[in-house]
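Tertiary structure, described
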Amino acid sequence: MAYQIYPKSFMDTNGDGIGDLRGIISKLDYLKELGIDIIWLSPIYQSPFVDQGYDISDYYKIAEEFGTMEEFDELLEEAKKRNMYLVMDLVVNHCSDQHEWFQKALADPEGEYADYFYFVKGKNGNPPSNYRSYFGGSAWEPVPGTDKYYLHMFAKEQPDLNWENPKLRREIYKMINWWLDKGLAGFRIDAIINIKKDPAFPSFEPDGPDGLASCVKMVEEVQGVGALLEDMKRETFERYDAFTVAEVFNMKDDELREFIGEDGHFSTMFDFSAHELFQGQNGWYGCRPIEFREWRDTIFASQEEAQGIGFKANIIENHDEPRGASRFLPEHARNEKGKKALAATSVLLRGIPFIYQGQEIGMTNCRREDISEYDDISTKDQYREALNAGCTKEEALQCCYENSRDNARTPMQWSADANAGFSDSAPWLAVNPNYTEINVEEQQKRPDSVLSFYKKLIALRKSPVYRETFTYGRFVPAYEEADDIFAYRRVSEENGQEILVAANYGTKPRTLKLDREGARALLSNDGKEKSLQIQIERERAVTLDSCEAAVLLL
Ligand code: TEU
Ligand code: CA
């Protein structure tokens, strides 16, 4: 069971409004009690924070906002004491423009450090190609005093590193091994598919009113990322038997085996299939609502695809996505029962479950009145794009409410105290005002809270009697024809055990007939284990009310 911490928003202990390493250390017991084994920290390296630490200016230093290397070592030790593994973010497609390498490259654009990046001659006074960066605008920025441009697929403060240069690769591997030597368990690997470029940088058919084409086109066309990934694995992770979970978008068809198979590039990779459904053709303003069946069937297809190949890492939300309770749950299910149902159907899927901080208490998206209340670079770009496309201010803000990355980045809601118990002073990003109702302290007291349910669910998944089935058991869709039902069986080939997970995301009760006698109700999201058991024995069926979920041993 893994848990993602977004350090800036997790827990502040020195009153500067920014979460820190001491804060994480102080909450390790909380995570242990929840049942967490692996902790992924979003970047904590030195950074100007243009993209919240995903722009690293020194890979060997801890951001002073977060603490010191001594505190990091302490965190590592404290995690180990509790039998928990620490995983850091590995951001090596790009670095910060403040990194020494880039500064040296700018100082001598013909020198060796220029080759750490993509410094490319423009064409007739224009950039080398028409790529739009992920955060808007051209992906090329002039190198001052030259006729060259440097490539940045993300912000202009995040120059892309040249992975074709063996010297650069050696530097990266040295750094990875330095952290692994410290006793780190592994890495979550950022935006890794982007490291392979087509050195010809061909232009593509424009796909927006700005006359540019998304740089992702080049990523989709170019071949050969596998060789780079294998090289990295051989020189680093493999030597330490390290755990790796990759952020992979735009993988080519039929490549899953190469990525997460027995000898795959990575231990696992995130399943973003459900999240990708929400990506509008033209950014956030082009987003459309998703039908229940489309969502369910997408997850099912992804589960079946991984079967017999490897394990995907299952998520509901992360620091780049809106809150799952606000996105995947229909209006009528945006309550504790619905959140628990979502937890059950996601956590028991085949694969490695990841929880994002605050998900375990059902934190939600946060409405803002003005774009100035947002911090995220991508949100600002998408807001501008929406306005350019003719949306009103209200419509553009609605897009941000539904999609902004800041929805997940508001401070963790620890209690109903000032600043949600996150900090003694005003946090770097305003708290979601619903912290007075949704917070850890309140939910810890209540056995029927979302938090208490997550604990039960995780304990069930890890219990010695069922762990084999939940870990290795096959995924088999169930009751697919039933409206509003999200159900599947986990079937162990090892011990013959079969477990049914079922939830009703509709508004009306649904009855599911069981195909055999003797089922046992293991868990209900509504405290109904006993009444479900009685119904099973009398009718060989279970009735699930709206937003109700149950786990049965068949
Ligand atoms: O995300 C990569 C990525 O593709 C995202 O930019 C995604 O498309 C976007 O967030 C959707 O809104 C990773 C990190 O998770 C993200 O936080 C960073 O901003 C990005 O890389 C650059 O490092
Ligand atoms: Ca702090």
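Just so it is clear, the model here is predicted, and its values are computed rather than measured.

The calcium ion (ligand 2) binds to the protein through Asp12 (OD), Asn14 (OD1), Asp16 (OD), Ile18 (O) and Asp20 (OD), with metal-donor distances spanning 2.3 to 2.4 Å. Here the donor residues of the calcium ion (ligand 2) share one chain and are spaced in sequence as D-x1-N-x1-D-x1-I-x1-D.

With that out of the way, let us pick up the nonpolar core. In terms of nonpolar packing, the biggest core is built from 160 residues, with Tyr3, Phe72, Trp163, Trp179, Phe187 and Ile192 touching the most fellow members. Listed in part, the 17 residues of the second largest apolar core include Ile485, Ala519, Ala521 and Leu532.

Moving on, we come to the site of ligand 1. Of all residues adjacent to ligand 1, which total 14 residues, the nearest are Asp51, His94, Asp190, His319 and Asp320. The side chain of His319 places a nitrogen or oxygen atom 2.9 Å from an oxygen atom of ligand 1. Counted by class, the shell around ligand 1 contains four nonpolar, three polar and seven charged residues.

Quick look at the domain arrangement of the protein chain now. One can read the domain layout of the protein chain as domain 1 (2-95 + 166-450), domain 2 (100-151) and domain 3 (474-553). The C-alpha centroid of domain 2 is placed 28 Å from the C-alpha centroid of domain 1. In this complex, domain 1 contributes 31 residues to the contact, which on the side of domain 2 involves 20 residues. Carbon and sulfur atoms supply 59% of the area buried between domain 1 and domain 2, which totals about 2100 Å² over both sides. Broken down residue by residue, the surface that domain 1 buries against domain 2 is led by Phe201, Leu212 and Cys215, which jointly contribute 27%. Summed over the shared surface of domain 1 and domain 2, the number is three salt bridges. Two residues, Arg132 and Asp210, come together in a salt bridge whose shortest N-O distance is 2.7 Å. The interface formed by domain 1 and domain 2 includes 12 residue pairs in polar contact (both at pLDDT 80 or more). Of all the secondary structure elements, the ones that give two or more residues to the side of domain 1 that touches domain 2 are helix 5 (166-181), strand 11 (213-214), helix 6 (216-221) and helix 14 (377-388).

Attention now moves to the sheet that holds strand 8 (residues 140-142). Hydrogen bonds between backbone atoms are what pair the strands of a sheet, whose relative direction is either parallel or antiparallel. With antiparallel pairing, the three strands of this open sheet are ordered in space as 6-9-8. If you trace the sheet from one side to the other, it starts and ends with strand 6 (119-121) and strand 8, each paired once. Pairwise comparison of adjacent strand axes, ignoring direction, gives a mean angle of 40 degrees for this sheet. In this sheet, strand 9 (residues 148-151) lies alongside strand 6 in antiparallel orientation, the contact comprising three bridges.

What follows concerns the side chain of Asn403. By the element assignment, Asn403 lies in helix 15 (residues 393-403). A residue is classified by how much of its surface remains accessible, and Asn403, at 7% relative accessible area, is buried. Those residues in contact with Asn403, other than ones at most four positions away along the chain, are Trp284, Cys287, Pro322 and Arg327.

Unusually for a residue other than glycine, Ala191 sits at a positive phi of about 40 degrees. Tracing the chain through its elements places Ala191 in the loop between strand 10 (186-189) and strand 11. Judged by its relative accessible area of 7%, Ala191 is buried. Of note, Asp254 is a non-glycine position whose phi angle comes to about 65 degrees, a positive value. A relative accessible area of 74% means that Asp254 is categorised as exposed.

So, on to the packing of aromatic side chains. A complete count under the given rule lists 42 aromatic pairs for this structure. Here the aromatic rings of Trp40 and Phe354 are separated by 6.2 Å at their centres, their planes lie at 70 degrees, and the arrangement is edge-to-face. Taken together, the positions of Trp40 in strand 2 (residues 38-41) and Phe354 in strand 15 (residues 352-356) put the pair 314 residues apart, joining distant regions of the chain. Pair check on accessibility: Trp40 and Phe354 agree, each one buried.

This part covers the environment of Tyr54. Along the chain, the position of Tyr54 falls in the loop between strand 3 (45-46) and strand 4 (58-62). A sequence separation of 146 residues divides Tyr54 from Ala200, and the C-alpha atoms of the two residues are 27 Å apart. Not counting residues up to four positions away in its chain, the partners in contact with Tyr54 are Trp40, Ser42, Pro43, Asp89, Val91, His94, Gln158, Arg188, Asp190 and His319. In terms of polar contacts, Tyr54 uses its side chain to reach the side chain of Ser42, at 3.1 Å.

Attention now moves to the sheet that holds strand 14 (residues 312-314). Taken in spatial order, the eight strands close into a barrel running 1-2-5-10-12-13-14-15, and their pairing is parallel. Within the sheet, the average angular offset between the axes of one strand and its neighbour, ignoring direction, is 30 degrees. The pairing of strand 1 (residues 2-5) with strand 2 spans four bridges and is classified as parallel. Within strand 2, the residue paired with Ala2 across the bridge is Ile38.

Conventions and cut-offs
- Residues numbered from 1 in each chain as written.
- Chains lettered and ligands numbered in written order.
- Predicted model: local features only at pLDDT ≥ 70, side-chain atom pairs only at ≥ 80, totals over all residues.
- Heavy atoms only, no water.
- Donors = N, O, S within 2.8 Å, 3.2 Å for Na, K, Ca; no water.
- Core = buried A, V, L, I, M, F, W, Y, C linked by side-chain atoms within 4.5 Å.
- Buried < 20%, exposed > 50% of the residue type's maximum accessible area, 1.4 Å probe, protein only.
- Near = heavy atom within 4 Å.
- Polar contact = N/O pair within 3.5 Å; in protein donor to acceptor, adjacent residues only side chain to side chain.
- Nonpolar A, V, L, I, M, F, W, Y, C, P; charged D, E, K, R; others polar.
- Domains from an automatic or database assignment.
- Contact = heavy atoms within 4.5 Å.
- Buried area = accessible area lost by both parts, 1.4 Å probe.
- Salt bridge = Lys/Arg side-chain N within 4 Å of Asp/Glu carboxyl O.
- Helix = DSSP H or I, 4+ residues; strand = E, 2+ residues; numbered from the N terminus.
- Pairing = 2+ DSSP bridges.
- Axes fitted to C-alpha atoms, helices over the stretch in contact; angles between N-to-C directions.
- Phe/Tyr/Trp six-rings, centres within 6.5 Å; stacked < 30°, edge-to-face > 60°.

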